Amino acid sequence: MDTEQVGHLLEALVFAADKHRDQRRKDQQATPYINHPIGLVSILWHEAGIHDPIVLIAALLHDTVEDTDTQFTDLSDRFGSEVEQVVRQVTDDKSLPKDVRKQLQIDHAAKVSDAAKLVKLADKTYNLRDLVKSPPAGWSLERQRAYCEWAKRVVDQMRGVHPTLEDLFDAAYADAMARNLV
Ligand code: NDP
Ligand code: ZN
């Protein structure tokens with residue numbers, strides 16, 4: 001990435017940190033929410049070798065519309081339409097019932113852009129690792145297993161886009177099923 005692109009990445013980090021400033025993850029320690037988008041970027045950059053600024057910026061912003069007051073136009077105005085489109089493709093419509101949203105993720109995963117698939121793969125990988133390390137407070141093993149199985153069903157629709165990232169997901173899935181769920 002060039003200097004200008006690093007600047008945009010930092011701008012996205014500041015934006016996401018501000019938007020998620022009052023939010024926490026669901027684990028017992030109530031980890032600051034921003035650790036999650038930052039973790040996606042680390043998986044993409046360090047572990048998968050993905051350096052595309054559109055993917056990395058979208059990863060930082062991926063939960064801002066779904067979980068905060070951010071509008072898609074805020075993202076297109078500040079970060080451009082390519083980033084906005086990727087975030088749009090990974091954003092659930094929270095007005096729908098949860099079971100419908102979960103099924104739509106499975107139905108739509110194969111149809112989204114490659115950039116959106118990379119963000120979704122990193123997201124699911126991070127969340128399965130989180131389940132092992134610091135699961136949501138109060139989740140039974142059965143619920144954790146159901147989450148893992150649903151995540152795999154989504155990822156199975158996106159196979160072929162990035163073998164390294166898929167391997168990272170598969171390892172996280174195997175780890176979660178073996179260490180956390182049996
Ligand atoms: P949720 O959507 O309620 O929660 C999972 C999401 O929480 C993740 O995708 C992640 O989203 C976020 N998250 C925040 N903190 C953590 C963390 N520490 N570890 C992992 N994820 C975290 O889960 P589901 O509705 O998918 O529930 C899982 C399964 O359980 C489903 O298959 C459902 O059928 C079942 N279920 C059971 C219930 C019960 O009471 N037994 C109730 C509801 C569902 P993000 O990346 O966006 O932050
Ligand atoms: Zn996420």
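Provided above is the structure to which this section pertains.
By convention here, each chain's residues receive numbers from 1 onward along its written sequence. Labels are handed out in written order, letters beginning with A for the chains and numbers beginning with 1 for the ligands. The predicted origin of the model limits local features to residues at a pLDDT of at least 70 and limits the giving and counting of side-chain atom pairs to 80 or more, whereas totals for whole chains, interfaces and linings rest on all residues. Each side-chain value is derived from all of the structure's non-hydrogen atoms; neither hydrogens nor water enter the calculation.

Focus: the packing of helix 8 (residues 114-133) against helix 9 (residues 141-155)
Interhelical geometry of helix 8 versus helix 9 gives an angle of 160° and a closest axis separation of 10 Å. Our classification of the angle between helix 8 and helix 9 gives roughly antiparallel. Note that helix 8 runs across helix 9; the crossing there is left-handed. Contacts from Lys-120, Leu-121, Lys-124, Asn-127, Leu-128 and Leu-131 in helix 8 reach Gln-144, Tyr-147, Cys-148, Trp-150, Ala-151, Val-154 and Val-155 in helix 9. Axes, fitted as lines to C-alpha atoms, cover a helix only where it is in contact. Angles between the N-to-C directions of the axes lie from 0 to 180 degrees. What counts as a helix is a DSSP run of H or I of at least four residues, what counts as a strand is a run of E of at least two, and both are numbered from the N terminus. Oblique is the label for every angle not falling under 35 degrees (roughly parallel), over 145 degrees (roughly antiparallel), or within 65 to 115 degrees (roughly perpendicular). Handedness of a crossing follows from how the near helix is turned relative to the far one, being left-handed for an anticlockwise turn of less than a right angle and right-handed for a clockwise one. Any two residues whose heavy atoms approach within 4.5 Å are treated as being in contact.

Considering the side chain of Thr-68
Residue position: Thr-68 is located in the loop between helix 4 (64-67) and helix 5 (72-79). Burial classes follow relative accessibility: with a 1.4 Å probe on protein chains only, a residue under 20% of its type's maximum area counts as buried, one over 50% as exposed, and anything between as partly exposed. In this structure Thr-68 comes out as buried when scored by relative accessible area, which is 16%. We call two N or O atoms a polar contact when they sit within 3.5 Å, provided that within protein one can donate a hydrogen and the other can accept it, with sequence-adjacent residues counted only if both atoms are side-chain atoms. Here Thr-64 takes part through its backbone oxygen, which lies 2.4 Å from a polar atom of the side chain of Thr-68. A polar contact of 2.8 Å, which involves the side chain of Thr-68, links it to the side chain of Thr-70.

Points about the environment of His-51
Position of His-51 relative to the elements: it lies in the loop between helix 2 (35-47) and helix 3 (53-61). Between the C-alpha atom of His-51 and that of Val-41, which follows or precedes it by 10 residues, the distance is 9.4 Å. Those residues in contact with His-51, other than ones at most four positions away along the chain, are Met-1, Trp-45 and Leu-56.

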